[in-house]
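One letter stands for each residue in the lines below.
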Amino acid sequence: MDTDKHRLGGTTEHTENTEKEKTNSVFSVYSVVDIRFPESAYLHKRVPKKQFLENPSLGASDKKLFRENVKNVYWEYTLKPSTCPVLPYRDNEREYLEVAVLQVEMNSQKGHKRIAEIIHRVIPYPLMLGFYTESGDIALSIAPKRFSQAEHGAFVAERFYTTGWMKVTIENGELKIENENNCQLSTVNYQFIKSLAWGNMPLQTYGTLYNAWTDRFTGYECSVLSGTFTIGKAGDRLEGLTRCREIESRISELRGQLKKAAFNRQVELNTQIKQMEHQLRELVNGL
């Protein structure tokens, strides 16, 4: 997609149309979570679903998932030097000349993490995605990108960060995040959301901005395991986080085997599970 086609011009007609679209918007993820992107970067243009469905990289199952569960995609904000005073960034590995902020209206909660991957892969720009459902559930996603080593001029996502669903409301002007099954998770979700406020971001370049987002999304993933949200350097935490996920996956596999195993094998599997759970707790404490 070419953001030049959506350039924020200085005509009165464009400004009036933009304000009208914003007023008529049914739901804004970024208003609810109060990130406060610069008004000068506001766009709110619908992106045709066919732009994703006609992409040759999508298989039949991904097209079906996208078609059935995505209602609308909107390009909400274009963050670039002409819309907010942040400098572009480029080095030998990556390029952050601008950041596109999209909003995805979902028919259901189904498959939002896979849909996030599809959008991140189809659009070459660094993105922030905000998902929402009619009932007010939201989820956020980013994916740091670098130059492809296999194809000149192409970009690849290094890692996908997509939150779980959160029910977010505003009561008496205050942000409230609910989680019926886990009050502790509600607290860390709140701390994570508040950490994303535009005023908290290092805005020297779009590279420092995206790195700050990555640190916070990494902190969110760590908090899902530890129950405590803290901000640290993503690179220092990812190895431990990856290892935790591997152990969780292995524990799940062993529990699956446990249901069908003979008694002697059950004793052996339970011992392995307890050892891995202990190892997992130690790793989580170090995140």
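Everything that follows concerns the structure shown earlier in this document.
Residues numbered from 1 in each chain as written. Predicted model: local features only at pLDDT ≥ 70, side-chain atom pairs only at ≥ 80, totals over all residues. Heavy atoms only, no water.

1. Quick notes on the pattern of salt bridges
- This model, assessed by the stated rule, comprises 16 salt bridges.
- For aspartate 62, the salt bridge goes to arginine 114, with nearest N and O atoms at 2.7 Å. Here aspartate 62 is found in helix α4 (residues 60-69), whereas its partner arginine 114 is found in helix α5 (residues 112-122), with 52 residues between them in sequence.
- In this structure, the salt-bridge partner of arginine 121 is glutamate 117, at a minimum N-O distance of 3.3 Å. Here glutamate 117 and arginine 121 lie together in helix α5, a separation of 4 residues that amounts to about one turn. (Salt bridge = Lys/Arg side-chain N within 4 Å of Asp/Glu carboxyl O. Helix = DSSP H or I, 4+ residues; strand = E, 2+ residues; numbered from the N terminus.)

2. A short note on the packing of aromatic side chains
- For the coordinates displayed, the defined rule picks out 14 aromatic pairs.
- Taken together, Tyr30, Phe37, Tyr42, Tyr77, Tyr96, Trp198, Tyr210 and Trp213 form an aromatic cluster joined through their ring pairs. (Phe/Tyr/Trp six-rings, centres within 6.5 Å; stacked < 30°, edge-to-face > 60°.)

3. Points about the state of the cysteines
- Summed over the entire model, instances satisfying the criterion amount to 0 disulfides.
- Unpaired in this structure, cysteine 222 has its nearest cysteine sulfur neighbour in cysteine 244, at a distance of 7.8 Å.
- For cysteine 222, a relative accessible area of 0% gives the class buried.
- Residue cysteine 244 is classed as buried on the basis of its relative accessible area, which comes to 0%. (Disulfide = S-S within 2.5 Å. Buried < 20%, exposed > 50% of the residue type's maximum accessible area, 1.4 Å probe, protein only.)

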